[in-house]
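# Structure at a glance
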Amino acid sequence: MIKSACHHHDTSVKQAQPSHAANVTYTCPMHPQVRQPAPGNCPICGMTLEPERVTVNDAPDHELRDMIGRFWVSAVLSLPLLLMTMGAHLIKGLPHELMYGQKSLWAQLALATPVVLWGGWPFFVRGATSVKNRSLNMFTLIALGTGVAYIYSVAVTVFPEVFTHWFTGKPTEAYFEATAVVTTLVLLGQMLELKARAQTSNAMRALLDLSPKTARIIHADGSEIDIPLPDVKSGDLLRVRPGEKIPVDGVVVSGSSAIDQSMITGEPVPVEKNQGDNVTGATVNGTGSFTMRAERVGNETMLAQIVKMVSKAQRTRAPIQRLADTVAGYFVPLVVLIAIVTAALWWLYGPEPKIAYALVNAVAVLIIACPCALGLATPMSIMAGTGRGARAGVLIKNAEVLETLEKIDTLIVDKTGTLTEGKPKLVSVVPTDGFDETTVLRMAANIERGSEHPLAAAIVHGAEERKLDIAEATGFQSVTGKGVIGTVEGRKVAFGNTALLESLSITTDELKSKAEPYRAQGQTVMFVAIDGKAAGFISVADPIKQTTPEALRQLKKMGLHIVMLTGDSKTTALAVAKKLGIDDVEAEVLPERKGDVIRQLQAKGHKVAMAGDGINDAPALAQAQVGIAMGTGADVAMESAGVTLVKGDLMGIVRARRLSKATMRNIRQNLFFAFIYNALGIPIAAGILYPIFGLLLSPIIASAAMSLSSVSVIVNSLRLRSIKL
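Residues numbered from 1 in each chain as written. Predicted model: local features only at pLDDT ≥ 70, side-chain atom pairs only at ≥ 80, totals over all residues. Heavy atoms only, no water.

## What about a nonpolar patch on the surface?
Note the following rule: Here a patch means residues that are over 30% exposed by relative accessible area and free of salt bridges, tied together within 9 Å if like-charged and within 5 Å if nonpolar (Val, Leu, Ile, Met, Phe, Trp, Tyr). Method for areas: the Shrake-Rupley scheme with a 1.4 Å probe, in which residue coverage is limited to the protein chains shown. A side-chain nitrogen of Lys or Arg and a carboxyl oxygen of Asp or Glu constitute a salt bridge if their distance falls within 4 Å. Strands are runs of DSSP state E lasting at least 2 residues, helices are runs of H or I lasting at least 4, and numbering of each runs from the N terminus.
Taken together, the side chains of Leu334, Leu337, Val341, Leu345, Leu348 and Tyr349 present a nonpolar region at the surface, about 640 Å² in accessible area. Along the chain, Leu337 falls in helix α10 (residues 321–349).

## Concerning the sheet that holds strand β5 (residues 50–51)
Backbone hydrogen bonds hold the strands of a sheet together, and the pairing may be parallel or antiparallel. This is how it is decided: In this scheme, strands are said to pair when DSSP sees at least two bridges between them.
Across the sheet, which stays open at both edges, the three strands sit in the order β4-β3-β5 with antiparallel pairing between neighbours. Bordering the open sheet on either side are β4 (35–36) and β5, each of which pairs with just one other strand. With two bridges connecting them, strand β3 (residues 26–27) and β4 associate as antiparallel partners. The partner of Tyr26 across the bridge, within β4, is Gln36.

## Quick notes on the pattern of salt bridges
The line we're drawing: Three exposure classes are used, based on accessible area relative to the maximum for each residue type with a 1.4 Å probe and protein chains only: buried under 20%, partly exposed in between, and exposed over 50%.
What the rule picks out here adds up to 19 salt bridges. Put simply, Asp414 and Lys594 hold a salt bridge, and the shortest N to O gap is 3.5 Å. Of this pair, Asp414 sits in strand β16 (residues 410–414) while Lys594 is found in helix α21 (residues 591–603), placing the two residues 180 residues apart along the sequence. The buried category is assigned to Lys594, whose relative accessible area is 3%. Arg491 is the partner of Asp531 in a salt bridge, and the nearest nitrogen-oxygen pair spans 3.2 Å. With Asp531 in the loop between β21 (524–530) and β22 (533–541) and Arg491 in strand β20 (residues 491–496), this pair connects stretches of sequence that are 40 residues apart. Each of the salt bridges in this network shares a partner with another, and the network as a whole consists of Arg216, Glu224, Asp226, Arg239, Arg241 and Glu244.

## Description of the environment of Val429
To keep things clear, this is the line we draw: Contact definition: two residues touch when any of their heavy atoms are within 4.5 Å.
Following the sequence through the fold, Val429 ends up in strand β17 (residues 425–431). For Val429, a relative accessible area of 7% puts it in the buried group. Distance in space between the C-alpha atoms of Val429 and Phe537 is 6.1 Å, their sequence separation being 108 residues. Non-local contacts of Val429, meaning those with residues more than four positions away in its chain, are made with Glu437, Val440, Leu441, Arg466, Phe537 and Ile538.

## Observations regarding the pairing of strand β25 (residues 608–612)
The buried fraction of β25 is high, at five of five residues. Alternating residues of β25 divide into Val608, Met610 and Gly612 and Ala609 and Ala611, and every residue in both groups is buried.

## Examining helix α18 (residues 509–520)
Inclusion rule: Take the number of residues in a helix, subtract one, and multiply by 1.5 Å to get its expected span. When we speak of the arc, we mean the arc of directions from the helix axis to the C-beta atoms.
Here α18 is twelve residues long and its end C-alpha atoms lie 17 Å apart, about the 16 Å a rise of 1.5 Å per residue gives. The set of residues buried in α18 consists of Leu511, Ala515 and Arg519. Take α18 and look down its axis: the buried residues cluster within an arc of 70 degrees, on one side only. Those residues of α18 that are buried are in contact with α17 (498–503), β21, β22 and α20 (570–580). Backbone geometry just after α18 places Gly522 at a positive phi near 90 degrees.

## Some thoughts on helix α5 (residues 138–158)
Taking 1.5 Å per residue, 21 residues should reach 30 Å; α5 reaches 30 Å between its end C-alpha atoms and fits that length. Extensive coverage of α5 is indicated by the burial of 16 of its 21 residues.

## Considering the sheet that holds β17
Keep this limit in mind: Working convention: axes come from line fits to C-alpha atoms, limited for helices to the stretch in contact. Angles between N-to-C directions cover 0 to 180 degrees.
The six strands are arranged β17-β22-β21-β20-β19-β18 in an open sheet whose pairing can be described as antiparallel. At either end of the open sheet lies a strand with only one pairing partner, and these are β17 and β18 (474–479). Sheet twist, expressed as the mean angle between neighbouring strand axes with direction ignored, is 20 degrees. Where strand β19 (residues 483–488) meets β20, six bridges bridge the pair, whose relative direction is antiparallel. Among the inter-strand pairings, Gly486 is bridged to a residue of β20, identified as Val493.

## Some remarks on the packing of aromatic side chains
To describe a pair of aromatic rings, one takes the distance between the centres and the angle between the planes. Defined as follows: Pairing of aromatic rings covers Phe, Tyr and Trp, the last through its six-membered ring, and needs centres within 6.5 Å; plane angles under 30 degrees mean stacked, over 60 mean edge-to-face, and all others mean tilted.
Following the criterion strictly, the structure yields eight aromatic pairs and no others. On the basis of an interplanar angle of 70 degrees and a centroid distance of 6.2 Å, the ring pair of Tyr150 and Phe176 is categorised as edge-to-face. Placement of the pair is Tyr150 in helix α5 and Phe176 in helix α7 (residues 176–208), with a sequence separation of 26 residues. An aromatic cluster is built from Trp346, Tyr357 and Tyr690, whose rings are joined through pairwise contacts.

## Thoughts on the packing of helix α3 (residues 102–119) against helix α4 (residues 121–132)
Basically, it comes down to this: Any angle that falls under 35 degrees is termed roughly parallel, while one over 145 is termed roughly antiparallel, one within 65 to 115 roughly perpendicular, and all others oblique.
Where α3 contacts α4, the axes come no closer than 5 Å and their chain directions differ by 45 degrees. Relative to α4, the element α3 is oriented oblique. Residues Val116, Leu117, Trp118 and Gly119 of α3 form the contact with α4, whose own contacting residues are Trp121, Pro122, Phe123 and Phe124.

## Quick look at the pairing of β21
Summarising burial for β21: seven of the seven residues are buried, a large majority. Where burial is concerned, the two faces of β21 agree: the one with Thr524, Met526, Val528 and Ile530 and the one with Val525, Phe527 and Ala529 are both buried. Alignment of β20 against β21, held across four bridges, turns out to be antiparallel. Residue pairing in the sheet places Gly496 in a bridge with Phe527 of β21. Sheet topology places β21 next to β22; seven bridges connect them, and they run antiparallel. Bridge pairing links Val525 to Ser539 in β22.

Dropping the structure here:
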């Protein structure tokens, strides 16, 4: 047996495990804590369990096919039932025996029985399971309503004399057409819901299917051959020809081309890729040809990670769902009680035939009150919203993040790699007396050769352009937030900020005054010390991303307060902030201090989002209410963040904020539809309008209204798939 603990229920939910093994885990969209290794139904809400992970070769949706078959058979059998019971009002001249009498009842029984017992069998099974697990849900009401009406109608048909006596000699009426049509309409609602869910899975499956089926591998002897994509291994050398899809994630080794990355970034403009640049699997090569080295293959590719993240997010619960869960927990028992009270009042005070009025109105209450729309309100919006975000290059980790993002009032942004390109270039080398530019740059490049920091790469690349010899450093040591120290050609070298040199008792006053003009231009300055003496400084410039100014303008328009947080010097940080119109700047911040800044803002009542891309940003991303990682940054930053921006620029935050607002607005609309529908529908179904207007709500109309409420929620949710971000 599988136990699935549910925080809404005191008892653990048990569901039998099918005997056959499966590699896929199935879960419930509304109750993700329910998980099992094979298809089935949720024991809490009765909904169909779905695979947690979408794959290209997923089997056909047997549940959907089954519901479609049951619906069409039920619809075909229900039509003659409607004709037999309502035909006299629609078509004149129909034989009396066809409309009324005992033979007609037997004919209706023959038509209705397959619809109710076969077409509606899944609902009776789920209803019985809900009672067994003490988790009353929409299927409890459906099974109870149609079951009571069907059993009563069978009794009227088999024992007409008894019921004629009860009805003081009046002809008895059966409600076969009501039970059949209600069952058919519920089947229609289930079919439409399953189709809507299948569309979200199909969208993810179509994304996976973008990958090419083969890759052209280059062997060591220079020969080339096409191999199946699953056979590609990390480190393989691959050729990508014009117009082909890039097979896996990797790095360009030789050649260049413009790559269409719209399938992961949402941006239609091709991006130029040259030697050393990263390329992503399933993106489309332009007119150039290049060779690449495979780095991430199979489930490790960006595309596979996107699908995995979105699939997981679609099955998480937003905090607003707790409202629906709380209501649903009391709602079904309350509806059953209202149905019993309705039946009792009609039986005691209603007109003849009292038992017929009691039955019809009680069934109408049970049917119209089905909380399926309430259950669908949040999950359908989350599924559609996270899918839409993925197509725009905005990956949402879970539903809680999507809800929290709407409430954010403060955005903290890192400078390097977030506001700027993260690809700094060497600008100046300024030596002190006794040293020359070549020595200062060569020593700095030697010691930074083993570092992966963007600034280090700029210095090493600058030294290589100047044809300087770069040797291996020994005794390499990284000092967090300050710089690096080591030995190069027997000389002690320190390279970093003033705090590093001062910790080594090296005077930096003269260097700092010389560096100020460079910092005032927004350049980052790093100091070099050789054998315990200040040797000079090196400045690099990191261009601001083209999209940054417009993104900041739109974020401010949305009411967000922008704070720039950087480990760079105050002068450099203020210069960049001035260009971008950022008023609040925290500079020379060590990694551990970033988390403190966020905690201080949170203590003042602010809802904080943090955007960054480096390893040193990971703790701050985890501390913020919403961490936003640039997809071009470190993997650990993405793991710590709630939102990952595939393209890696601030316009992604604008899109994420719009997505959050649109999704939460959509959820509130859905919940309103569901609540107002039940608030108005139940009293009308109980017969509150009968004493005044003589109006009663037929179970058929109640069923149609119930199905319409679910369809309205589904259609409203699916609007999110086409919103403009």
